[in-house]
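Each chain is listed here by its residues.
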Amino acid sequence: MRRWSCLAALPYLVSPAYGAGLGPSSGEPAAPAASERASSYIHWLEERSMLQQARVLARHYSGNSIQWQHPYGQPQPHAAVARASVWFTAYPASTIAASPGTSVISTLAEERLWSAFQAIGIQGIHTGPMKRSGGLRDLGYTPSIDGNFDRISFEIDPAFGTEAQYKAMVAAARSHGAIVIGDVIPGHTGKGPDFRLAERAYADYPGLYHMVHIEPRDWGLLPPVPAGHDAVNLTPAAVDALQKKGYIVGQLHSGIFYEPGVKDTDWSATDVVQGADGVERRWVYLHYFKQGQPTLNWLDPSFAAERLVIGDAVHELGVLGDGMLRLDANGLLGIERDPTGRVWWAGHPLSLTANQLIADMVRKLDGFTFEELALPLDVMREMSRGGPDLSYDFVTRPAYDHALLTGDAEFLRLVFQLMREYGIDPGRLIHALQNHDELTMGISHFAVHADETFPFRGGRLTGKELRELVRREMYDRLLGERAPYNLKFGEGVASTTATVVAATLGIRDLGALKPGDVERIRRLHLLLAFYNAMQPGVFALSGWDLVGALTLPAASVRERLADGDTRWINRGAYDLLGSNPQASQSAAGLPRAVALYGSLTEQLQSSDSFASRLARLIRARAELHLQSARLADVPAVQAKGLFVLVHELPDKTGLEITAINFGDRAIDESVPIRGAATRSKAIDVLEPQAPPVGLGPDGRVQLRLDAFEAKALRIKGPVSP
């Protein structure tokens, strides 16, 4: 049906007269009038717009009793964790098909893959964005510019597969006791039918976006649009001039994707576009991210953005069958200029309202949500009172990498102390290894609390000083001559977990790795997996982690790096099943990354492999029900590299001690364990045959850890108050 409608519209759009405003030449049959051609195209766009798709979908739910079967007004983190506490985070563009001609989605539905996932203990797969993304020029779709985070339709991207294949993947997951986790992108879209209709001032569509039409008398403030482009990024001076005229709030200074000559500000201007009413307009629109990702307006009288995003969520749950959804960049949903002239664009109260609205609807339909955004602890606390059920752990991720890189866990211990002060429950966090983004080092809490002082290394530093020190120490070890295989991106580093570990070990040349080097990388990689897994909440790991992927040489993805987005080096293609060895790249064109550990099929045949050792770690976690435990204490310690957490296990069945040595020297230290009964015994969870460790009369346990070693100890019995 879609193909037929495309063909029906084609005669109006391919004629030389289209767009040029010319009449038919002498002797040719009369073409449809310009107004008729424009009306046909408007109709063609509307049929394919997300706002229209949401309108049609809503009819199946309005007045339906399905809306009243589940509680929804409060976040339900423990119920969300109980549904799936170990996740595989996929990246469709990096997935090498199981065989030539097989789609990405069919590959992720493979029985062999789900058998491997079940053997490891994976209970959920977060697919990453899989819906059609990119843009639309006339009748032609243009490709995604940001890894499918520029959604333009509810339909599955044909590059990944079909809706039927997606539903088969959901069924495959369910048959192995797992769920599929999808995505909603509430902050922006791509330049698809919705944006093209907004440019034409059609119906409610301009209300979707943070866009303002500029009066013709002020077009002189706007630069010309370069040939072959549909918009031009504005200079700071142009933004200031438009703000002075009262059109827009002004400069955000967000720093997101900034690249001189590519993105100098968060504002762009369209070319002259003839509207559905025949009026020519130029628009200025906001885009926090890339120019092809116009920002949605969550406070417009049409409430068009709400209708589109809620419709997308309903489609994910009710049509595709997902059990949970990510809310991407969900802290950027409000913007205003305050009386002092400051532009408030991150953490605006409107974001809280919008998140509550989306999360309530998802819970109402028996799903859960999580947010993936680095936020200060006080904002995280506010967000946790409503809205998403879970939050990505961008709080401790840079801190634990700092501990590994420096051999000093003091910053990590400080972060946990602050989390306790702000009431941030680790049990509602998603503790992840690598994801599709860079190793984020914004360390946002200390940026917002720049003037507040914090204890560190025997003195006190302001938040600004502490942030700068930690980032400098990490940059020094992760970039440049010491680690030329990583690249800077924004306030972070484009890297894989394996290349973070390689930098820690002082390995400079990844092309000269020996078997001993690979084993050392694998050992420290498992140490980071231990840190993330042996906590309450969700443990998540990526395909790059499972195969031990290295970063791609920058030259192999040079074209993708042209706009300054260096993250493509950490998104190399991987073959989880090892069944397509001839493939040199993914279907999306990403080169195959060097995989230090091999495929899951190979690894699960060896008890000493990364995947097999990971499976033992996850089994121990499940046996303890650690995902549902409560953080009871973060004991003070003396050794620089030592980090200890004490968890109260569910139903007061005892305590679990997570002890990690991030340093390269052995540790032998007595650590107090609050709540443990005197003279009790601590059993090594991963080495149950090892002699129990007795607690002294003062409630202290002796921890002996080799360099880069971790232990999980269990103390059975009732917990003392």
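Scroll up for the structure.
The present account deals with the structure reproduced in this document. Within every chain, residues take consecutive numbers counted from 1 along the sequence as written. Side-chain atom pairs in this predicted model are given and counted only at pLDDT of 80 or more, local residue features only at pLDDT of at least 70, and totals for whole chains, interfaces and linings cover all residues. Water and hydrogen atoms play no part in the side-chain values, which are based on all heavy atoms of the structure.

### Observations regarding the overall build of the protein
Working step 1: For the protein, the helix and strand inventory stands at 21 helices and 31 strands.
Working step 2: Buried, partly exposed and exposed residues are distinguished by accessible area as a fraction of the type maximum, computed with a 1.4 Å probe on protein chains only: under 20%, between the cut-offs, and over 50%, respectively. Buried positions account for 60% of the 721 residues belonging to the protein.
Working step 3: The contact definition used throughout considers only heavy atoms, calling two residues in contact when any of these lie within 4.5 Å. Nonlocal contacts in the protein, meaning residues at least 24 apart in sequence, comprise 71% of its contacts between residues at least 6 apart.
Working step 4: Carbon and sulfur atoms make up 53% of the accessible area of the protein, which amounts to about 28400 Å² in all.
Working step 5: Only four residue types enter the tally: Lys and Arg on the positive side, Asp and Glu on the negative side; His and the chain ends are excluded. Where a charge lies is defined by one atom per residue type: Lys uses NZ, Arg uses CZ, Asp uses CG and Glu uses CD. Of the side chains in the protein, 71 bear a positive and 80 a negative charge, and the two mean positions are spaced by 3 Å. Numbering goes from the N terminus for both helices and strands, where a helix is a DSSP run of H or I of at least four residues and a strand is a run of E of at least two. Here the accessible surface of atoms and residues is derived via Shrake-Rupley with a 1.4 Å probe, and residues count as covered only by protein chains that are part of the display.

### Looking at unusual backbone geometry
One can expect most non-glycine residues to show negative phi and most peptide bonds to be in trans.
Working step 1: Within the chain, A201 stands out as a residue other than glycine whose phi angle is a positive 55°.
Working step 2: Among the structural elements, A201 can be located in the loop between α8 (193–199) and β8 (211–214).
Working step 3: Even without a glycine there, the phi angle at A203 is positive, about 50°.
Working step 4: Mapped onto the elements, A203 comes out in the loop between α8 and β8.

### Notes on the sheet that holds strand β24 (residues 630–633)
Working step 1: Here a strand pair is declared whenever DSSP counts at least two bridges between the two strands. What the six strands build is an open sheet, ordered β24-β25-β26-β31-β28-β29; its pairing is antiparallel. Among the strands making up the open sheet, the edge pair consists of β24 and β29 (693–694).
Working step 2: To obtain each axis, a line is fitted to C-alpha atoms, and for helices this fit is confined to the stretch in contact; angles are then taken between N-to-C directions over 0 to 180 degrees. Across the sheet, helix α14 (residues 410–421) lies against β24 and β25 (642–648), angled at about 30° from β25, the strand it touches most.
Working step 3: Along the sheet face, helix α18 (residues 515–533) touches β25, β26 (654–661) and β31 (710–716) and points at about 150° away from the line of β26.

### Examining helix α12 (residues 377–384)
Working step 1: Three or more residues of α12 are buried, namely L377, M380 and M383. Seen from one end, α12 has its buried residues packed into an arc of 115°, which puts them on one side.
Working step 2: Structurally, α12 contributes buried residues whose contacts are with α11 (349–364), β16 (368–372), β17 (390–392), α14, β18 (429–432) and α15 (444–448). Each direction from the helix axis to a C-beta atom contributes to the arc, which is the arc of those directions.

### Section: helix α10 (residues 304–320)
A turn of α-helix holds 3.6 residues, and therefore any two residues three or four places apart point the same way.
Working step 1: For α10, built from 17 residues, the straight-helix expectation of 24 Å at 1.5 Å per residue is met to within 8% by its first-to-last C-alpha distance of 23 Å.
Working step 2: Among the 17 residues of α10, 14 are classified as buried, and the element is accordingly described as predominantly covered.
Working step 3: At the C-terminal side of α10, G321 shows a positive phi close to 95°. For a helix, the expected span equals 1.5 Å multiplied by the number of residues minus one.

### Remarks on the pairing of strand β12 (residues 280–286)
Every other side chain in a regular strand lies on the same face of the sheet, so the side chains alternate between the two faces.
Working step 1: Across the seven residues that make up β12, a large majority, six, are buried.
Working step 2: Sheet analysis places β8 next to β12, joined by four bridges and oriented antiparallel. Across the sheet, M211 pairs through a bridge with Y285, a residue of β12.
Working step 3: Judged from the three bridges that link them, strand β10 (residues 267–270) and β12 form a sheet pairing that is antiparallel. In the strand pairing of β12, W267 is matched with L286.
Working step 4: As defined by bridge partners, strand β11 (residues 273–274) adjoins β12 across two bridges and the pair is classed as antiparallel. Its bridge partner lying in β12, Q274 is registered against E280.
Working step 5: Adjacent in sequence and paired antiparallel, β11 and β12 are bridged by five residues, among which G278 carries a positive phi angle near 85°.

### Details of the packing of aromatic side chains
Working step 1: A pair of aromatic rings is counted whenever rings of Phe, Tyr or Trp (Trp by its six-membered ring) have centres within 6.5 Å, and the orientation is called stacked for planes under 30 degrees apart, edge-to-face for over 60 and tilted otherwise. In total, this model carries 21 aromatic pairs according to the counting rule given.
Working step 2: On the numbers, 5.9 Å between centres and 15° between planes, the contact of Y41 with W44 is stacked. Of the two residues, Y41 and W44 both sit in helix α2 (residues 34–48), three residues apart, roughly one turn of that helix.
Working step 3: You can call W44 buried: its relative accessible area is 2%.
Working step 4: Taking 5.3 Å as the distance between ring centres and 65° as the angle between the ring planes, the aromatic pair formed by F195 and Y285 counts as edge-to-face. With a gap of 90 residues between them, F195 in helix α8 and Y285 in strand β12 connect regions that are remote in the sequence.
Working step 5: Members of the aromatic cluster, joined through ring pairs, are W87, F370, Y392 and F394.
Working step 6: If you follow R571 out to its NZ or CZ, it ends over the ring of W568, 4.5 Å from the centre. Think of it as a cone above the ring: NZ of Lys or CZ of Arg counts as a charge over the ring if it is within 6 Å of the ring centre and within 35 degrees of the ring normal.

### Brief notes about the sheet that holds strand β1 (residues 86–89)
Working step 1: Pairing within the closed barrel is parallel, and its eight strands lie in the order β1-β2-β7-β13-β16-β17-β18-β23. Between one strand axis and the next, the sheet turns through 30° on average, direction left out of account.
Working step 2: Here β17 runs beside β18; their pairing, made up of two bridges, is parallel. Across the sheet, Y392 pairs through a bridge with I430, a residue of β18.
Working step 3: The sheet strands contacting α10 are β7 (179–184) and β13 (324–328), and the helix crosses β7 at an angle near 165°.
Working step 4: Helix α21 (residues 610–624) contacts β1 and β23 (538–542) of the sheet and is inclined by roughly 165° relative to β23.

### Thoughts on the layout of surface pockets
Working step 1: Buried and open spaces are told apart on a 1 Å grid over the protein atoms alone, a cavity being a set of points where a 1.4 Å probe fits but cannot get out and a pocket being an open set with protein on both sides within 12 Å along at least five of seven lines. Residues with an atom within 4 Å of a point are the lining residues. Grid points are joined across faces, edges and corners, and a volume is the space filled by probe spheres set on the points. Roughly 1200 Å³ of internal volume is contained in the second largest pocket.
Working step 2: Around the second largest pocket, the lining comprises 44 residues; the ones closest to its centre are P143, S144, I145, D146 and D150.
Working step 3: Counting residues per element, the ones that place at least two in the lining of the second largest pocket are β3 (131–133), β4 (135–137), β5 (140–142) and β9 (231–233).
Working step 4: By residue number, the principal contributor to the lining of the second largest pocket is β9, which donates three residues.
Working step 5: Within the lining of the second largest pocket, the residues separate by chemical class into 19 nonpolar, twelve polar and 13 charged. In this count, Pro and Cys sit with the nonpolar residues alongside Ala, Val, Leu, Ile, Met, Phe, Trp and Tyr, while Asp, Glu, Lys and Arg are called charged and the others, Gly among them, polar.

### So, the nonpolar core
The tendency in soluble globular proteins is for nonpolar side chains to be buried as a group.
Working step 1: For our purposes a nonpolar core is just a set of buried Ala, Val, Leu, Ile, Met, Phe, Trp, Tyr and Cys residues, chained together by side-chain atoms within 4.5 Å. Residues F117, F411, L614 and F662 are the most contacted members of the largest nonpolar core, which totals 127 residues.
Working step 2: The element contributing the most residues to this core is α18, with ten residues.
Working step 3: When sequence neighbours within four positions are dropped, the list of residues in contact with F411 reads A399, H402, I443, F446, F456, L466 and V470.
Working step 4: In terms of nonpolar packing, the next biggest core, distinct from the first, is built from 41 residues, L45, L139, M211 and I358 among them.

### What about the pattern of salt bridges?
Working step 1: The working definition used for a salt bridge is a side-chain nitrogen of Lys or Arg within 4 Å of a carboxyl oxygen of Asp or Glu. Taken as a whole, this structure holds 44 salt bridges when the rule is applied.
Working step 2: Of the charged contacts, one joins R342 and D338 as a salt bridge, the two residues approaching to 3.2 Å between their closest N and O atoms.
Working step 3: What makes R342 partly exposed here is its relative accessible area of 45%.
Working step 4: What makes D338 buried here is its relative accessible area of 16%.
Working step 5: Two residues, R467 and E491, come together in a salt bridge whose shortest N-O distance is 2.9 Å. One end of the pair, R467, is in helix α16 (residues 463–478); the other, E491, is in the loop between β21 (487–489) and β22 (492–494), with 24 residues separating them in the sequence.
Working step 6: Looking at R467, the relative accessible area reads 15%, which means it is buried.
Working step 7: With a relative accessible area of 39%, E491 lands in the partly exposed category.
Working step 8: When salt bridges with common partners are traced through the structure, they connect D146, K290, D437, D563, D565, R567 and R571 into a single cluster.

Spatial relationships are all this shows, so hold off on functional conclusions.
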